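# Coordinates in review
Spelled out from the first residue to the last, the chains are:
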Amino acid sequence: MAFDRHGNLFVADWNNHRIINVTTKQIVAGGFGKGGAPNQLDGPRDVVYDRITNSFIIADRGNQRVVRWSNGNSEILIQNIDCWGLALDKDGSLYITDTERCEVRCYTKTDRNGFKAIGGNDQGTQLNQLRFPTYILIDDDYSIYVSDSLNHRVMKWPLEAKQGIVVAGGHGQGHSLRQLSYCQGIAVDRFGDVYVADGYNHRVVRWTEYADEGTLVVGGNGKGEQANQLSCPRGLTFGDLGSLYVADGQNHRIQKFIIE
């Protein structure tokens, strides 16, 4: 999920192969069925808004490519990548999770070939390894946060670090507040607290720095479609005034929660 400069919220509607402005209910990319044509997408997993170019960058996973859409026109930026999550840093460099290589790659404005930013040491459980990384976030200090999904943990890699730090989970798959189960979207608030879409536990959990367990924020009432329930949450993003938006995956809805 991503906000543009006008406060419109955009979502990767992966099963409908499109990017939709949920604020105005308009399709801004794809929407012509599943496919690899210039006007099509195939299971897009993430979208970010590039404020510099007023365009959208999309992880077009089924087509193994990352594309830029602007005013209805598409441009292939990167091909042959098992892309999932995307993030832009404050300099405009693009970061992409590559689930096959178990790494996060960085592409600067002058380097279309990209380079390994973190991971890439085969899949595994060591602190310099990842196992099916999905969503990512880059903070103002260029630290990389990544959902290390099949290790059921969120990792933080400070700039130029050789290995990551576990900032959520890391105690195996489970449903206690020390554990995560197939973690997905992540968000970080102004205090540095990490929010995690804990997919198979159907909840959002907040982890403060150095905490050994998280605090339940949303859901945690079993899988369901009631207002206090989630069903395999995926993306997370903060809006204005402390509002947290949750892509409630299997309920096919976006939920907004006010975080105290």
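Now for a quick tour of the structure. (Residues numbered from 1 in each chain as written. Predicted model: local features only at pLDDT ≥ 70, side-chain atom pairs only at ≥ 80, totals over all residues. Heavy atoms only, no water.)

Moving on: the overall build of the protein chain. Looking only at helices and strands, one finds zero helices and 23 strands in the protein chain. Radius of gyration (C-alpha) of the protein chain: 17 Å, near the 18 Å computed for a compact globule of 260 residues. Of all 260 residues assigned to the protein chain, the portion counted as buried reaches 53%. The long-range fraction of contacts in the protein chain, counting pairs at least 24 apart against all pairs at least 6 apart in sequence, stands at 38%. For the protein chain, the exposed surface amounts to about 12300 Å²; the carbon and sulfur share of it is 44%. When the 27 basic and 30 acidic side-chain charges of the protein chain are each reduced to a single mean position, those positions are 3 Å apart. (Helix = DSSP H or I, 4+ residues; strand = E, 2+ residues; numbered from the N terminus. Rg over C-alpha atoms; globule rule 2.2 N^0.38 Å. Buried < 20%, exposed > 50% of the residue type's maximum accessible area, 1.4 Å probe, protein only. Contact = heavy atoms within 4.5 Å. Areas by Shrake-Rupley, 256 points an atom, 1.4 Å probe, with all protein chains shown as cover. Lys, Arg positive; Asp, Glu negative; His and termini not counted. Charge placed at Lys NZ, Arg CZ, Asp CG, Glu CD.)

The next thing to look at is the pattern of salt bridges. One pass over the full model with this rule turns up 10 salt bridges. Note that Glu103 and Arg105 form a salt bridge whose closest N and O atoms lie 2.8 Å from each other. On the basis of relative accessible area, Glu103 is assigned to the buried category, the value being 5%. The class for Arg105 is buried, based on a relative accessible area of 11%. (Salt bridge = Lys/Arg side-chain N within 4 Å of Asp/Glu carboxyl O.)

Burial runs high along strand E7 (residues 65–70): five of the six residues are buried. Two strands pair when backbone bridges link them, and strand E6 (residues 55–60) and E7 are joined in this way by five bridges, in the antiparallel orientation. Across the sheet, residue Ile57 finds its bridge partner in E7, namely Arg68. Turn length for the E6-E7 hairpin, with the two strands adjacent in sequence and antiparallel, is four residues, and the turn residue Gln64 shows positive phi of about 50°. Alignment of E7 against strand E8 (residues 73–79), held across six bridges, turns out to be antiparallel. Following the sheet pairing, Val66 is matched in E8 by Ile78. Between E7 and E8, which pair antiparallel and follow one another directly, the connecting turn spans two residues, one of which, Asn71, has a positive phi of 55°. (Pairing = 2+ DSSP bridges.)

This part covers the sheet that holds strand E15 (residues 153–157). Taken together, four strands build an open sheet; the order of strands is E13-E14-E15-E16 and the sheet is antiparallel. Because the sheet does not close on itself, it has two edges, and the strands there are strand E13 (133–138) and strand E16 (165–169). Neighbour to neighbour, the strand axes of the sheet diverge by 25° on average, direction disregarded. By the bridge criterion, four bridges tie E13 to strand E14 (residues 144–148) in an arrangement that is antiparallel. In the strand pairing of E14, Ile136 is matched with Val146. (Axes fitted to C-alpha atoms, helices over the stretch in contact; angles between N-to-C directions.)

Under the counting rule described, the total for this entry stands at six aromatic pairs. A ring pair is formed by Tyr49 and Phe56, whose centres lie 5.5 Å apart and whose planes are at 50°; its orientation type is tilted. On the accessibility criterion, Phe56 (12% relative accessible area) is buried. Taking the centre distance of 5.5 Å and the plane angle of 75° together, the rings of Trp84 and Phe132 count as edge-to-face. Within this pair, whereas Trp84 is found in strand E9 (residues 83–88), its partner Phe132 is found in the loop between strand E12 (115–119) and E13, the two being separated by 48 residues in sequence. Trp84 sits in the buried class, given a relative accessible area of 5%. Grouping aromatic residues by their ring pairs yields a cluster made of Phe10, Tyr49 and Phe56. The residue whose ring lies beneath Arg45 is Trp14, and the NZ or CZ to ring-centre distance is 4.3 Å. A cation over a ring is seen here: Arg45 above Trp84, with NZ or CZ 4.8 Å from the ring centre. (Phe/Tyr/Trp six-rings, centres within 6.5 Å; stacked < 30°, edge-to-face > 60°. Lys NZ or Arg CZ within 6 Å of the ring centre and 35° of its normal.)

These figures capture arrangement, not role.
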